[in-house]
Amino acid sequence: MKLLTPELLDAFFATLSQRWELRLPILLPDGTRIIGSLIDGRLALHGGAVSGKPTAAFFPQQSTLLSVTDGTVEETPSPPPLFIVGFTPSDLASLRFIDRFFADGWRDDLYFTLRENAAIAALSGYCGLGGALIPLAGGDCDLEFFWDRSSWLVIAYSETGKKLIEDLPDAARTEVVELLRQTTPSLPDENETVIRAASLLLRADRVPDSFWAEIGDRCIACTGCNLACPTCTCFGVQDWRSANKTERSRMWDSCQLDGFMREAGGHNPLGSEAERTRRRIHHKLAADPQKWGEISCFLCGRCDAVCPTGIGILAVAGEIVARFA
Amino acid sequence: MTDTPLRKSLYLPTECEIISVTDLTPVEKLFRVRRTDGLPLGHLPGQFVQVSLLGWGEAPISVASSPTREGIFELGVRRVGALTSAMHTLQTGDTLGIRGPFGRAFDLSRLCGQDLILISGGCGLAPMRSLIQYCEDRPSDFGRVAILYGAKSPADRLFKDDLARWDASARFACSMTVDNISGGDCFSGSVGLITRLIPPLTFTPDTTIAAIIGPPAMYRAVIAELYKKGLSSSRIAVSLERQMRCGVGKCGHCSIEHLLCCQDGPVFWLNEIEHLRGAL
C-alpha cells in the first residue's frame, strides 16, 4: 500500500498523463461533478458518486461503427490508454455486470477495445458527500484510493496498478484500512433490502398492470434514468451523410421512448407508457436476475437523483414493496 | 491493460453483390445476392441478416432461400421505410452490406422425420420459403409437408410462381386464402382468414410439428386453432419479428422479458415464450 498526500496529487497525475489519457473526477463551472479531463474543470476527488454514467468511458454516448470517405473505409485509430479515476464500489459492480453483458455471445469489440486499454481506480474512504464513508471496494479495479481524512492510501489490485504507483512512498497506516475493512457492514443496507423485495414481488407477478399505468402517467419520457444508469446499454444505429463522408454510429437509446421497439410494420410491443415504465423496472429487477443471476441495479442512486417526477428505480421499488408486499 | 489484436469489427458489414432483382408485388422485391468474397452465407432456415446501405442504415431481413441452394441467398424486402425504399432502387450489379447470419434457426434435427405444417401470412412467407425450399431439396428428411398461406388479396401474394409449383408438387399439400378478392382476380384458393385453413387438416399431433410466421395479429388465432387439433405448444415453432438494431444481442431493442429475439430467437418453441408478456 502506498501513500499519496494531497500536495503530491498534481505531480502524480502529471506523471501519469505522459503515458495515459486521464479521466478524473472534475468539477465543471456549473457545479456538476463528472468524470472528465482536467482541461474542463478542476480535480474533485471528494463528493462520492459522480453525475452521469461512469461506464460511458467504455460505452460512450456515441461511437463510430463505420466511417467511409470518398468510398474508402477508414481505419479506426487505436485509442490511447485510459486511466480513469472515480468509480465507487457500486459503479465497479455495474462495470462488472456490463463487462459480462458485452462479452456474452458475440463479444462487442468496440467496448473491449476501450475497456482492455484502460486502468481503473476506485475512490473510497471518507470522501463521500459531506465526508461520508464509502466502503472499501477491495478489488474489481486496478487501483483504489482510500481517503483516511488526511491522505490517500493507494492499494493496487493488478500488475498494471502496481506499476502505476511504484514510485509513491509506502504507507505506514495499513492498520487503518484493515480496521475499516473489518467494520464495513456486511449486512445489506435498507435500499438493498427494498430492491431485493421488489424484485421478488415482480418475479412472483404480484405487481398489477394498474400500478404500471399509474407510474407510466408520471413519466415524462425525459430518458434521464436510462442516460444516467451505469448498467443501461441499449443503443440505436444511425447513418450520417455529408458531401464525401458517411459515418455509421451507435448512440445510447432509451426504452422510455415510444419508438424504442416500434417495428417497420407499425407493431409496437412497448406501445404505452405503462408498458415502457414496467419494462425499465422489470428488466433490472426480474428479467436480468433470470438471465444473469443477479439484479442489474447496484443502487448508485443516479436515476432517482435525475428523475424530475420521482420515479427512479429505488422510488418505484419502494412503492412496490409498500403496496404489494 | 492488454494489447487487442486487430481484427474485423462485429459491426462491419460484408460486401455482397446483387445478382438479380425480381418484383414480387408492387411493394415487395426479391433480391438474389452473393458475397463478393465468394464465401457462402452459411445460414440455416429461419435465420436473418442485417442488411445495410451506407447512408441509409441497417435493418434485419430474413433469408428467403435455403442453404441447400449454394452460392447465393435471397432476400424478400417490403418497401416500408427509408432503407428498404433505397434498396428498391438497386439493380443487378449493385452492392449492399450484410452482417450475419444471426439468430436461432428452425431446429432441423427436431423437424427431421416429422410431418410439418408450415403456416405463413403476408410477408412471413419470405422466411418460411427458406424452410420450404429446404424440405423441397431434402425430401427424405421429412414426412408430409403442408403449406398454408394467407395474404390480403391474390395480388398481395408473394412468390406466386413458387406457390404454383409447390401446389402442383406431390411433395406438398398447399392451401391458400386471401382476405379479399375482387372481380377479375384469378385465384382458386379460399377467401377468409388463414385460421379457416386449419380445421380441414388431418394429422397426428404426436408426429407433427407446426411452424408459424406472420404478422403479430395472426399468431394467437392460428395457435388457438392448432390447439383445437391437439397440437401441443412444444410442437409449435414461431418466428417472431422485432426491430433488431444490432443482431448480436447488444442493442436491447428486441428483448422479450429475459430473452432476446435476435439471439434466443427469432425462432422459438411456443412453450418457451407463450407465458412471456408481449411475446405474442
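Residues numbered from 1 in each chain as written. Chains lettered and ligands numbered in written order. Predicted model: local features only at pLDDT ≥ 70, side-chain atom pairs only at ≥ 80, totals over all residues.

K.L.:
Looking at this structure, how should I read the overall build of chain B?
P.N.:
Of the regular secondary structure elements, chain B holds six helices and 15 strands. For 280 residues, the compact-globule estimate of 2.2 N^0.38 gives 19 Å, and chain B sits close to it at 19 Å. For chain B, the spread of C-alpha atoms along the principal axes amounts to about 60 × 45 × 35 Å. Residue burial in chain B is summarised as follows: out of 280 residues, 49% are buried. Of all intrachain contacts in chain B linking residues separated by at least 6 positions in sequence, the fraction that spans at least 24 positions is 70%. (Helix = DSSP H or I, 4+ residues; strand = E, 2+ residues; numbered from the N terminus. Rg over C-alpha atoms; globule rule 2.2 N^0.38 Å. Buried ≥ 20, exposed ≤ 12 C-beta atoms within 10 Å, placed from the backbone. Contact = placed C-beta atoms within 7 Å.)

K.L.:
In this structure, what is going on with the domain arrangement of chain A? I would like to understand it.
P.N.:
Interface size is commonly expressed as the accessible area that is lost once the parts come together. All names here are of chain A. When its domains are assigned, chain A resolves into domain 1 (2–183) and domain 2 (190–324). Computed from C-alpha atoms alone, the centre-to-centre distance between domain 1 and domain 2 is 26 Å. Taken residue by residue, the interface counts 24 residues in domain 1 and 22 residues in domain 2. Of all the secondary-structure elements, those providing two or more residues to the side of domain 1 that touches domain 2 are β5 (62–69) and α2 (89–103). The residue makeup of the side of domain 1 that touches domain 2, split by class, is 10 nonpolar, 10 polar and four charged. (Domains from an automatic or database assignment. Nonpolar A, V, L, I, M, F, W, Y, C, P; charged D, E, K, R; others polar.)

K.L.:
What should I look at first to understand unusual backbone geometry in this one?
P.N.:
For residues besides glycine, phi is generally negative; the peptide bonds are generally trans as well. Residues Gly-100 of chain B and Pro-101 of chain B are joined by a peptide bond in cis, for which omega reads 15°. You can see Pro-101 of chain B is positioned in strand β6 (residues 95–102). Residues other than glycine seldom take positive phi values, yet Asp-140 of chain A does so here, at roughly 60°. Mapped onto the fold, Asp-140 of chain A is located in the loop between β8 (118–125) and β9 (143–147). The class for Asp-140 of chain A is partly exposed, based on 17 C-beta atoms found within 10 Å.

K.L.:
Sorry, what's going on with the sheet that holds strand β6 (residues 72–73) of chain A here?
P.N.:
Either a parallel or an antiparallel arrangement is found when strands of a sheet pair, and the pairing is made through backbone hydrogen bonds. Residues and elements named next belong to chain A. Pairing is antiparallel in the open sheet, where four strands are placed in the order β6-β5-β12-β11. Every interior strand has two partners, whereas the edge strands, β6 and β11 (235–241), have only one. Relative to strand β12 (residues 245–252), β5 is paired through seven bridges, and the arrangement is antiparallel. Considered in β12, the bridge of Ser-63 is made with Arg-250. (Pairing = 2+ DSSP bridges.)

K.L.:
Before we go on, may I ask you to explain the nonpolar core in this structure?
P.N.:
Here is a general trend for soluble globular proteins: nonpolar side chains tend to be buried in one another's company. In terms of nonpolar packing, the biggest core is built from 162 residues, with Leu-118, Ile-147 and Ala-211 of chain B touching the most fellow members. Those residues in contact with Leu-118 of chain B that sit more than four places away from it in its chain are Met-128, Leu-131, Ile-132, Val-145, Ala-146, Ile-147, Leu-148 and Ala-211 of chain B. (Core = buried A, V, L, I, M, F, W, Y, C linked by C-beta atoms within 7 Å.)

K.L.:
Mind showing me how you'd approach the environment of Leu-45 of chain A here?
P.N.:
All names here are of chain A. Here Leu-45 shows up in the loop between β4 (42–43) and β5. The exposure class of Leu-45 is partly exposed, given the 18 C-beta atoms found within 10 Å. Taking the C-alpha atoms as reference points, Leu-45 and Ala-287, separated by 242 residues in sequence, lie 35 Å from one another. Filtering out sequence-adjacent residues up to four positions away, Leu-45 remains in contact with Pro-25, Leu-123, Cys-127 and Phe-145.

K.L.:
Can you help me understand the sheet that holds strand β11 (residues 208–213) of chain B in this one?
P.N.:
Residue and element names in this part refer to chain B. Taken together, the seven strands give an open sheet; going across it, the order is β10-β9-β8-β7-β11-β12-β15, and neighbouring strands pair in mixed fashion. Each edge of the open sheet carries a strand with a single partner, namely β10 (190–191) and β15 (267–269). Here strand β7 (residues 115–121) runs beside β11; their pairing, made up of six bridges, is parallel. Paired with Leu-116 across the two strands is Ile-209, which belongs to β11. Lying over the sheet, helix α4 (residues 160–168) contacts β8 (145–151) and β9 (172–178), oriented at roughly 135° with respect to β9. (Axes fitted to C-alpha atoms, helices over the stretch in contact; angles between N-to-C directions.)

K.L.:
Explanation requested: the domain arrangement of chain B in the structure shown.
P.N.:
Residue and element names in this part refer to chain B. Domains assigned within chain B are domain 1 (14–102) and domain 2 (108–239). The centre of domain 1, based on its C-alpha atoms, is set 24 Å off from the matching centre of domain 2. Facing the 15 residues of domain 1 at the interface are 16 residues of domain 2. Listing elements by their share of the side of domain 1 that touches domain 2, those giving two or more residues are β1 (14–25) and β5 (73–78). Residues belonging to the side of domain 1 that touches domain 2 are distributed by class as follows: five nonpolar, seven polar and three charged.

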